[in-house]
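# Topology and contacts: notes
Read off the chains here:
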Amino acid sequence: MIDQAASAGIRIGWTNPCIEEWFSAYFGAMPAYDGSVSCCDGFSQTFERKTRQKYVKSDPDIYEKLTRFGDENAAIHIAALKMQEHLLNGKNRPSQQSPGTTVHRLVEEIKAKVR
């Protein structure tokens, strides 16, 4: 699906194994998890430690909390470095890039348009 979208000129954001991997980057790391359940659990612990709040996956204010308690520029940098590391190691498919994300590219694009 990712290749089909790219062929159609559609830029997408993905995160492997789950969106909480991208969220973790706001707090300084993209740890490797065995799957989405352990990723969610790990992020939940980090979120609670950093914010003193319970993580709720459906929280409509998650972006505000991530930017208030975390560092978006650092998250972008961490995600870009992780992507570069995967590519240097010959991991070219998203399924091989865990932890990995391209959401940082979308965030950079949005930020550039808002400026």
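So, here's what we can say about the structure.

How each quantity is defined
Position labels on residues start from 1 in each chain and follow its written sequence. Restriction of local features to residues with pLDDT of at least 70 applies here, the model being predicted, together with a cutoff of 80 or more for giving and counting side-chain atom pairs; totals for whole chains, interfaces and linings are based on all residues. Excluding hydrogens and water, the side-chain figures rest on all heavy atoms present in the structure. Orientation is described by lines fitted to C-alpha atoms, with helices fitted over the stretch in contact, and by angles between N-to-C directions that extend from 0 to 180 degrees. By definition, any uninterrupted DSSP run of H or I lasting at least four residues is a helix, any uninterrupted run of E lasting at least two residues is a strand, and each is numbered from the N terminus. In what follows, roughly perpendicular refers to angles from 65 to 115 degrees, roughly parallel to angles under 35, roughly antiparallel to angles over 145, and oblique to any angle outside these ranges. Here a crossing is called left-handed whenever its near helix is offset anticlockwise from the far helix by less than a right angle, and right-handed whenever the offset is clockwise. We call two residues in contact whenever any of their non-hydrogen atoms come within 4.5 Å of each other. Classes in brief: Ala, Val, Leu, Ile, Met, Phe, Trp, Tyr, Cys and Pro nonpolar; Asp, Glu, Lys and Arg charged; the others, Gly included, polar. Any helix carries an expected span of 1.5 Å times its number of residues minus one. Classification of residues uses two cut-offs on accessible area relative to the type maximum, computed with a 1.4 Å probe and protein chains only: under 20% is buried, over 50% is exposed, and between them is partly exposed. Note that the arc is computed from the directions linking the helix axis to the C-beta atoms.

## Quick notes on the packing of helix 3 (residues 36-51) against helix 4 (residues 62-69)
Interaxial distance between helix 3 and helix 4 falls to 11 Å at its minimum, and their mutual angle equals 60°. Our classification of the angle between helix 3 and helix 4 gives oblique. Judged by the twist between their axes, the crossing of helix 3 over helix 4 is left-handed. Of helix 4, the residues touching helix 3 (which contributes Phe 43, Phe 47, Lys 50 and Thr 51) are Ile 62, Lys 65, Leu 66 and Phe 69. In terms of residue class, the contact of helix 3 with helix 4 is made up of five nonpolar, one polar and two charged.

## Considerations on helix 6 (residues 103-114)
Between its first and last C-alpha, helix 6 extends 17 Å over twelve residues, near the 16 Å set by a 1.5 Å rise per residue. Within the span of helix 6, buried status applies to Val 103, His 104 and Val 107. Seen along its axis, helix 6 keeps its buried residues to an arc of 95°; they face one direction. Residues of helix 6 that are buried sit in contact with strand 1 (15-16), helix 2 (19-25), helix 5 (72-88) and strand 2 (100-101).

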